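Here are the chains, one letter per residue:
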Amino acid sequence: MKHVINKIHHTDFLKFSQEIHTESIDLIITSPPYNIGKEYEQRQPLDAYLEWSKTVLTECNRILKETGSIFYQVGTYVGKKGAHFPWDILLFPIFVDLGFIPKNRIVWIRQHGTHAKHKFSNRHETILWFTKTDNYKFNLDEIRVPQKFPNKKNYRKGKDYGRFSSDPRGKNPGDVWAFRNVKHNHEEQTEHPCQFPEDLVTRIILATTDPNDIVLDPFIGSGTTAVAAQDNNRRFIGCEIVSQYVNIANHRLKGKPDEKNNFPNLKTLRDYVDKTGEDITKFTFSRQVGNNPTPSKHAKIFPESYHLDKTINRIKYEADHPQYKKKQ
Ligand SMILES: C[S@@+](CC[C@H](N)C(=O)[O-])C[C@H]1O[C@@H](n2cnc3c(N)ncnc32)[C@H](O)[C@@H]1O
């Protein structure tokens, strides 16, 4: 199977999957096309989409190792008469029927998105995590986040008196994630319309795989899963049907300028300049805002807690602000 590893394959996943050996993959992480009429998909009737999903997930089940995990990130399907169906609810029974074991339903909240006029605006998507057996990997120490009150000590008399009341190594990040979505002014943004943020994928990879493990993304788009795998010394396999996205993914992985000194995104450009010390103003990146890319030290990358605080502040603002209150 060596010939398929550490490559982005320009192909339909279901046509390619026979190349992947049974029980050879440690982690599958993906965001499938979710039948909402994006430029890379043709809308199909709900039943047909669910049937297709079942075929995809049956293949995923075959190729996943006994110790493996699958993370499936989905949003909402809009049907007739403005009906909104959360994909995770529709797909959940398919996973369970195939024998997958549910572990978490992670809610990924974000601040931005289209503003609805006749319902509450969608501000979350979900990531379903299933394992194949109960003998799966979960490396909590790799993904701990800071405690809320790291310096607090036990004050009650007893054997733990005076010791830190919480684990000084940090806490479990929980199942509500606030990574910023990759939209305008996000330094990872390429020409792809719906990318994963690299830090979201990295958390999953570090938690559920070990170095050199194989990570598969059957619908890899701009290559985020492969970039995060490569950065963390894991091997990867990606499939993508649109050649433009395959090129973007390969360019991100290579991390070097093209013949016009362009990069697929600002992050790849910054990483390159950091490594080589070359003059940043020589280069451009796709989706460029302005002529001179911002230097690395001004990168707009914030910790997850920053996005969470901003989201909470926005919700508080809406609750407190007079214009949102019921008129007397
Ligand atoms: C939601 S996007 C994934 C984006 C990705 N997570 C990223 O970070 O860029 C889904 C991708 O699946 C691709 N795709 C759609 N049908 C496919 C198929 N049958 N086989 C492989 N790729 C497919 C689409 O072109 C699209 O780029």
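Provided above is the structure to which this section pertains.
Note that residues are indexed from 1 along each chain, following the sequence as it is written. Selection of residues for local features in this predicted model requires a pLDDT of at least 70, selection of side-chain atom pairs for listing and counting requires 80 or more, and totals for whole chains, interfaces and linings are taken over all residues. Calculation of side-chain values draws on the structure's entire complement of heavy atoms; hydrogens and water are dropped beforehand.

(A) How the structure looks around the pattern of salt bridges. Definition used for salt bridges: Asp or Glu carboxyl oxygen within 4 Å of a side-chain nitrogen of Lys or Arg. A complete count under the given rule lists 19 salt bridges for this structure. A salt bridge links Lys-65 to Asp-26, with the nearest nitrogen and oxygen atoms 3.0 Å apart. Taken as a pair, Lys-65 in strand 3 (residues 64–74) and Asp-26 in strand 2 (residues 25–30) lie far apart in primary sequence, 39 residues in all. Using a 1.4 Å probe on the protein chains alone, a residue whose accessible area is under 20% of its type maximum counts as buried, one over 50% counts as exposed, and one in between counts as partly exposed. Judged by relative accessible area, Asp-26 falls into the buried class, the value being 5%. A salt bridge links Glu-59 to Arg-62, with the shortest nitrogen-to-oxygen separation between them at 3.0 Å. Of this pair, Glu-59 and Arg-62 both sit in helix 2 (residues 46–63), 3 residues apart, which is roughly one turn of the helix. Each of Asp-141, Arg-144, Asp-167 and Arg-169 takes part in one network of salt bridges that share partners. A run of H or I in DSSP becomes a helix once it reaches four residues, and a run of E becomes a strand once it reaches two; helices and strands are each numbered from the N terminus.

(B) Quick look at the sheet that holds strand 10 (residues 235–240). Pairing between two strands is assigned when DSSP locates at least 2 bridges connecting them. Taken together, 8 strands build an open sheet; the order of strands is 1-10-9-2-3-7-6-8 and the sheet is mixed. Every other strand in the sheet has two partners, leaving strand 1 (7–10) and strand 8 (176–177) as the edge strands with one partner each. As paired elements, strand 2 and strand 3 share 5 bridges and run parallel to each other. What sits directly across from Ile-25, in strand 3, is Leu-64.

(C) How the structure looks around the site of the ligand. We define proximity as follows: a residue is near a molecule or strand when any one of its heavy atoms falls within 4 Å of that partner. Taken together, 22 residues are adjacent to the ligand, and His-192, Phe-196, Ser-222, Thr-224 and Glu-240 come closest. Here an oxygen atom of the ligand and a side-chain polar atom of Ser-222 are 2.7 Å apart. We define a polar contact as two N or O atoms separated by no more than 3.5 Å, with the added condition that, inside protein, one atom must be a possible hydrogen donor and the other a possible acceptor, whereas residues neighbouring each other in sequence contribute only through side-chain atom pairs. With respect to the ligand, the side chain of Thr-224 contributes an N or O atom lying 2.6 Å from an oxygen atom.

(D) Broad picture of the pairing of strand 7 (residues 124–131). Counting buried positions along strand 7 gives 7 out of 8 residues, so the element sits mostly inside the fold. The pairing of strand 3 with strand 7 spans 6 bridges and is classified as antiparallel. Opposite Ile-70, over in strand 7, you have Phe-130 as the bridge partner. Two strands pair when backbone bridges link them, and strand 6 (residues 101–109) and strand 7 are joined in this way by 8 bridges, in the antiparallel orientation. Residue pairing in the sheet places Asn-104 in a bridge with Trp-129 of strand 7.

(E) Up close: unusual backbone geometry. A positive phi angle, close to 50°, is found at Glu-23, a residue other than glycine. Within the element layout of this structure, Glu-23 appears in the loop between helix 1 (13–16) and strand 2. Of note in the backbone geometry, Asn-233 takes a positive phi value of approximately 60° without being a glycine. For Asn-233, a relative accessible area of 57% puts it in the exposed group.

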